[in-house]
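# Structural features, examined
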Amino acid sequence: MSEERTTMLTAVEQEERAFALAQRKASTYMFSTVVPEIYRVPAGTPVDSPLYKEKMGNCLIAFNIADRMSLDPLEVMQNLYIVHGNPAFKSSFLIGRINISKRFSPLHYECKGEAGKDDYGYRAYAYEKEGIDKGKPLYGDWITWAMVRGEGWDKKPGSKWKTMPDQMFRYRAAAFWQRVYCPEISMGVMMGEEAEDVEYVHYTEVKDEDIAKAKTAVDKVALAMEQSAKVDVETGELFPEA
């Protein structure tokens, strides 16, 4: 009778095996017509092509999010898309996740103000299902036209705030509510409509030496002005010498 042996794998070896398994799973999803286009490659795509590697990466990221949220990978893939280069969930998906939660009642919405006016808006609320606060209403922030216009959400090209404002109010109110009371539901991933309204800007890092040069230049200008002008001691105003 042969003796059964168990091979102990190191943490690194376990990680390598899990990653290899995820890649094999991804290669199956990538050729399915059921998954969205951001994960799919045409049949016959070489495995060493940039497109194949890009879609493989997208699938692995979706698998990772599904694992952290304890969801089926296909459910995440069908509700996750890319906005401005960042992942975002469909609003209906996250609202549905809240509505089936055992912690809260389904989301409700409250409206106030006169349509089109700055004070017109919505807020979301739900009720605690358990604990000492059972039955207590949990209110989100008011999303009003004043906020929408102040943030410039309605100014974006193709903005749905112009064509379906009430729906957008509900989506944004739900996003604000979810971010406060159950951020773990989305794992930090924004709702799609929320991500579309965000304006990403490029910036340049300013180095210490650049700051020093700028300060030196300012000091030189200030010195030149001081030497060539008279100063009103009461107001500090500079008057060039005649």
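Above this note sits the structure.
Since this is a predicted model, take the numbers as computed values, not measurements.

### Observations concerning unusual backbone geometry
Positive phi, close to 60°, is recorded for Ser 70, a residue that is not glycine. In this fold, Ser 70 is placed in the loop between α2 (50–69) and α3 (73–79).

### Some thoughts on the pairing of strand β1 (residues 80–83)
Relative to strand β2 (residues 86–89), β1 runs antiparallel, the two sharing 4 bridges. Residue pairing in the sheet places Ile 82 in a bridge with Pro 87 of β2. Hairpin connection from β1 to β2: 2 residues lie between these consecutive antiparallel strands, with His 84 at a positive phi of about 55°.

### Looking at the packing of aromatic side chains
A complete count under the given rule lists 14 aromatic pairs for this structure. On the basis of an interplanar angle of 65° and a centroid distance of 5.3 Å, the ring pair of Tyr 29 and Phe 63 is categorised as edge-to-face. Residue Tyr 29 is found in helix α1 (residues 11–29), and its partner Phe 63 is found in helix α2; the two are separated by 34 residues along the sequence. Taking the relative accessible area as the measure of exposure, Tyr 29 reaches 22% and is therefore partly exposed. Residue classification places Phe 63 among the buried positions, given a relative accessible area of 9%. Ring plane angle 40° and centroid distance 5.5 Å describe the contact between Tyr 125 and Tyr 139, whose orientation is recorded as tilted. Note that Tyr 125 is positioned in strand β4 (residues 121–127) and Tyr 139 in strand β5 (residues 137–139), a separation of 14 residues in sequence. On the accessibility criterion, Tyr 125 (17% relative accessible area) is buried.

### Some thoughts on the sheet that holds β1
Here 3 strands make up an open sheet; going across it, the order is β1-β2-β7 and the pairing mixed. For this open sheet the edge positions go to β1 and β7 (190–191), each flanked by a neighbour on one side alone. Where β2 and β7 come together, 2 bridges link them in parallel fashion. Its bridge partner lying in β7, Phe 89 is registered against Met 191.

### Focus on the pattern of salt bridges
For the structure shown, the criterion picks out 4 salt bridges. For Asp 118, the salt bridge identified is with Arg 149, shortest N-O distance 2.8 Å. You can see Asp 118 sitting in the loop between β3 (108–112) and β4 and its partner Arg 149 sitting in helix α5 (residues 145–151), a full 31 residues away along the chain. The exposure class of Asp 118 is partly exposed, given its relative accessible area of 44%. For Arg 149, a relative accessible area of 35% corresponds to the partly exposed category.

### Looking at the side chain of Ser 186
Structurally, Ser 186 is set in the loop between α6 (165–181) and β7. One polar contact links Ser 186 to Gln 178, side chain to side chain, over a distance of 3.0 Å. Beyond its immediate chain neighbours, meaning those up to four positions away, Ser 186 contacts Met 69, Phe 89, Leu 94, Gln 178 and Arg 179.

### Some remarks on the nonpolar core
Phe 89, Leu 107, Trp 161, Phe 169 and Trp 177 are the most contacted members of the largest nonpolar core, which has 47 residues in total. Residue assignment for this core shows that the elements contributing at least two residues are α1, α2, α3, α4 (91–99), β4, α5 and α6. Looking at this core element by element, the count peaks at 9 residues for α2.

### Digging into the packing of α1 against α2
At their nearest, the axes of α1 and α2 sit 9 Å apart, and the two run at 115° to each other. Classified by the angle their axes make, α1 and α2 are roughly perpendicular. By crossing handedness, the relation of α1 to α2 is classed as right-handed. Counted together, Phe 19, Ala 22, Gln 23, Lys 25, Ala 26, Ser 27 and Tyr 29 of α1 and Tyr 52, Met 56, Cys 59, Leu 60 and Phe 63 of α2 form the full contact between these two elements. Here the contact of α1 with α2 is built from residues that sort into 9 nonpolar, 2 polar and 1 charged.

So, how was this worked out
Residues numbered from 1 in each chain as written. Predicted model: local features only at pLDDT ≥ 70, side-chain atom pairs only at ≥ 80, totals over all residues. Heavy atoms only, no water. Helix = DSSP H or I, 4+ residues; strand = E, 2+ residues; numbered from the N terminus. Pairing = 2+ DSSP bridges. Phe/Tyr/Trp six-rings, centres within 6.5 Å; stacked < 30°, edge-to-face > 60°. Buried < 20%, exposed > 50% of the residue type's maximum accessible area, 1.4 Å probe, protein only. Salt bridge = Lys/Arg side-chain N within 4 Å of Asp/Glu carboxyl O. Polar contact = N/O pair within 3.5 Å; in protein donor to acceptor, adjacent residues only side chain to side chain. Contact = heavy atoms within 4.5 Å. Core = buried A, V, L, I, M, F, W, Y, C linked by side-chain atoms within 4.5 Å. Axes fitted to C-alpha atoms, helices over the stretch in contact; angles between N-to-C directions. Parallel < 35°, antiparallel > 145°, perpendicular 65-115°, else oblique. Left-handed = near helix turned anticlockwise from the far one by under 90°. Nonpolar A, V, L, I, M, F, W, Y, C, P; charged D, E, K, R; others polar.

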